[in-house]
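Descriptive analysis of the structure
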Amino acid sequence: MTGTAAQYDCVACGACCVNPDENRQEGYLWYLEVRDTPLLEKKDLRKKLVVLDPDGVPHLRLERETGRCVALRGKIGVRATCSIYTLRPKGCRLLMPGDPRCLLARKERGVDP
Ligand code: SF4
Ligand code: SF4
């Protein structure tokens, strides 16, 4: 790992809110599981933002073309924010700036060279 978490500005990024390349290459259209969040209890938001995988497990809905989570607003690498920040699932909360998945996402989405 290079650098520290303080060097990675999530608001100017958003790269980890996109289905990773490896998932896409394997044809896997579900990225973050929706759990440990009150999101599932909000009927309207659940309908808009959550899809079930073939096993019936809830995941965040992704845009078909881009693989972006539909809750993401803005432009990746410029300014990107989560529209359900306080309701985001555990998987989103566990991802830390500067950790290996963050660095991979930033590279894949072109935020870092
Ligand atoms: S990839 Fe890293 S820096 Fe970018 S939003 Fe996610 S945690 Fe923050
Ligand atoms: S719920 Fe928010 S933090 Fe989680 S992937 Fe979607 S936009 Fe990103």
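What you see is a predicted model; the values in this text were computed from it and never measured.

Further remarks concern the pattern of salt bridges. The full count for this structure, using the stated rule, is six salt bridges. Notably, a salt bridge pairs Lys90 with Asp36, separated by 4.0 Å at the nearest N-O pair. Residue Lys90 is located in helix α3 (residues 90-94), and its partner Asp36 is located in the loop between α1 (21-25) and α2 (43-49); the two are separated by 54 residues in the primary sequence. Here Asp112 makes a salt bridge to Arg106, at a shortest N to O gap of 2.9 Å. Given a relative accessible area of 23%, Asp112 falls into the partly exposed group.

In this section: the site of ligand 1. Close contacts around ligand 1 come from Tyr8, Cys10, Cys13, Gly14, Cys16, Leu95, Pro97, Cys102 and Arg106, and that covers them all. Comparing atom positions with the cavity grids shows ligand 1 to sit within the largest pocket. By residue class, the composition of the shell around ligand 1 is seven nonpolar, one polar and one charged.

If you check the shell around ligand 2, you find Cys17, Leu32, Leu60, Cys69, Ala71, Leu72, Cys82, Ile84 and Cys92 and nothing else. A majority-of-atoms criterion places ligand 2 in the largest pocket. For the shell around ligand 2, a count of residues per class yields nine nonpolar, no polar and no charged.

Moving on to the confidence of the model for the protein. The share of residues in the protein with pLDDT of 70 or more is 95%, and the mean pLDDT across the chain is 93. Confidence scores differ between elements of the protein, with α1 showing the lowest mean pLDDT of 94 and strand β3 (residues 72-75) the highest of 98.

In this structure, β3 lies alongside strand β4 (residues 79-82), joined through four bridges in antiparallel fashion. Bridged to Arg73 within β4 is Thr81.

Cut-off values and rules
- Just so you know, the residues in each chain are numbered from 1, in the order the chain's sequence is written.
- Written order decides the labels, with chains lettered from A and ligands numbered from 1.
- pLDDT decides what is reported in this predicted model: residues at 70 or higher carry local features, side-chain atom pairs at 80 or more are listed and counted, and totals for whole chains, interfaces and linings draw on all residues regardless.
- Side-chain measures were taken over the full set of non-hydrogen atoms in the model, leaving aside hydrogen atoms and water.
- Any carboxyl oxygen of Asp or Glu within 4 Å of a side-chain nitrogen of Lys or Arg constitutes a salt bridge here.
- Helix numbering and strand numbering both begin at the N terminus, where a helix is a DSSP run of H or I of at least 4 residues and a strand a DSSP run of E of at least 2.
- Throughout, exposure labels follow a simple rule: accessible area from a 1.4 Å probe, protein chains only, divided by the maximum for the residue type, with under 20% read as buried, over 50% as exposed, and the rest as partly exposed.
- A molecule or strand has a residue near it when one of that residue's heavy atoms lies within 4 Å.
- Note on definitions: the grid is 1 Å and covers protein atoms alone; a cavity is a set of points where a 1.4 Å probe fits but cannot get out; a pocket is an open set with protein on both sides within 12 Å along at least five of seven lines; lining residues have an atom within 4 Å of a point.
- Any molecule with more than half of its atoms within 2 Å of a cavity's or pocket's grid points is counted as sitting in it.
- For this classification, Asp, Glu, Lys and Arg are treated as charged, while Ala, Val, Leu, Ile, Met, Phe, Trp, Tyr, Cys and Pro are nonpolar and the rest, including Gly, are polar.
- As a per-residue measure, pLDDT reflects the predictor's confidence and takes values from 0 up to 100.
- DSSP calls a pair of strands paired once it identifies at least 2 bridges connecting them.

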